[in-house]
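A look at the structure
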Amino acid sequence: MSHAVTICPSILAGDFAALGAECRALGEAGADWIHVDVMDGHFVPNITFGPQMCAALRPHVTGVMDVHLMIAPVDPYIDAFAKAGADVITAHLEAGPHVHRTLQAIRGAGCKAGLAINPGTGIEAVGHLLDDIDLLCVMTVNPGFGGQSLIPAMVEKVRALKALTAGRPIRIQVDGGVTLRTARSVAAAGADLLVAGSAVLQGGPAAYARNIAALRDAALGVLV
Ligand SMILES: O=C(CO)[C@@H](O)[C@H](O)COP(=O)(O)O
């Protein structure tokens, strides 16, 4: 069934020399969330931002600052990202070693707790963690880089996770390869939050409002 989605632009696709301005432009273009991809060169083969960058960006983010930690270990850094102003902190199930403790620490730091799972991780792995999460981030690409293609098998995974989380206040987010071509299938499968880097930030700030609106329409099944 069609439903409205929230678009979460990933600043990984932005101009790294002007990320404050990018966040402001995205907010003015209608983005309610800003997705910040934190990568450590260890858990994933790329390095991006730390808590100081999040703190610097915070005044430029009008809505939700959604911090996706692709790092291991996670626990030593939770307080720093919470103090930097994160509203949501998402950790990977695969980052280990004690993900339940990690999720509790995120909530304990005053943030919403997100759990991300890689494409190769089965849905049974999240079953005992549902009481401890506010958001489930289904990686629809292997994490580390923007601009990849959505893995088609992930659409069924989203559908299965939507069923598994039915009746719970858990939002399903998809991350990676979300475009005008793929938004409809993941939204129809049950995703509420669509992370999109290239599809939103292509064309520069003048195109952001148009790109966000087009993605929202595509998710609803409106021809764009
Ligand atoms: O976390 C990641 C990649 O690891 C994503 O958030 C990407 O940044 C999404 O980029 P696009 O696939 O939309 O270009």
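What you are looking at is a predicted structure, and each value in this text was computed from that prediction instead of being measured. (Residues numbered from 1 in each chain as written. Predicted model: local features only at pLDDT ≥ 70, side-chain atom pairs only at ≥ 80, totals over all residues. Heavy atoms only, no water.)

1. As for the UniProt feature "active site" (unreviewed entry) in the chain
- As recorded in UniProt, the sites labelled "active site" (unreviewed entry) are Asp37 and Asp175. The named residues occupy 139 residues along the chain; their greatest pairwise C-alpha distance, 10.5 Å, places them in one compact cluster. Of the annotated positions mentioned, Asp37 and Asp175 line the largest pocket.
- Tracing the backbone through its elements, the reader meets Asp37 in strand 2 (residues 33-39).
- With a relative accessible area of 5%, Asp37 lands in the buried category.
- In this view, Asp37 contacts Ser10, Leu12, Thr48, Phe49, His68, Met70 and Asp175; residues no more than four positions away in its chain are not counted.
- Here the side chain of Asp37 touches Ser10 through a polar contact of 2.7 Å, side chain to side chain.
- Classification of Asp175 as buried rests on a relative accessible area of 8%. (UniProt positions renumbered as here; feature names shortened; annotations may be inferred. 1 Å grid on protein atoms, 1.4 Å probe; cavity = no way out; pocket = protein on both sides within 12 Å on 5 of 7 lines; lining within 4 Å. Helix = DSSP H or I, 4+ residues; strand = E, 2+ residues; numbered from the N terminus. Buried < 20%, exposed > 50% of the residue type's maximum accessible area, 1.4 Å probe, protein only. Contact = heavy atoms within 4.5 Å. Polar contact = N/O pair within 3.5 Å; in protein donor to acceptor, adjacent residues only side chain to side chain.)

2. Re unusual backbone geometry
- Cis peptide bonds are those with omega within 30 degrees of zero, and the linkage from Ala72 to Pro73 qualifies with 0°.
- Position of Pro73 among the secondary structure elements: in the loop between strand 3 (64-70) and helix 3 (78-83).
- In this model, Gly96 is joined to Pro97 through a cis peptide bond whose omega is -10°.
- On the secondary structure map, Pro97 appears in the loop between strand 4 (88-92) and helix 4 (99-108).

3. Concerning the nonpolar core
- Formed by 67 residues in total, the largest nonpolar core has its most connected members in Ile11, Val36, Val67, Ile89, Leu115 and Leu194.
- Residues within four places of Ile11 in sequence aside, it is in contact with Phe16, Leu19, Cys23, Leu26, Ile34, His35, Val36, Phe49 and Leu57.
- Grouped together as the second largest cluster of nonpolar side chains are 10 residues, Trp33, Ala116, Val141 and Val195 included. (Core = buried A, V, L, I, M, F, W, Y, C linked by side-chain atoms within 4.5 Å.)

4. Some thoughts on helix 8 (residues 208-220)
- Here helix 8 spans 18 Å end to end across 13 residues, near enough to the 18 Å set by a 1.5 Å rise per residue.
- Listed as buried for helix 8 are Tyr208, Asn211, Ile212, Ala214, Leu215, Ala218 and Ala219. What you see down the axis of helix 8 is that its buried residues fit within an arc of 165°, all on one side.
- Buried residues along helix 8 sit against strand 1 (6-9), helix 1 (19-28), helix 6 (183-189), strand 8 (193-196) and helix 7 (198-201).
- After helix 8 finishes, the residue Gly221 shows a positive phi value of roughly 90°. (Expected span 1.5 Å × (residues − 1). Arc of directions from axis to C-beta.)

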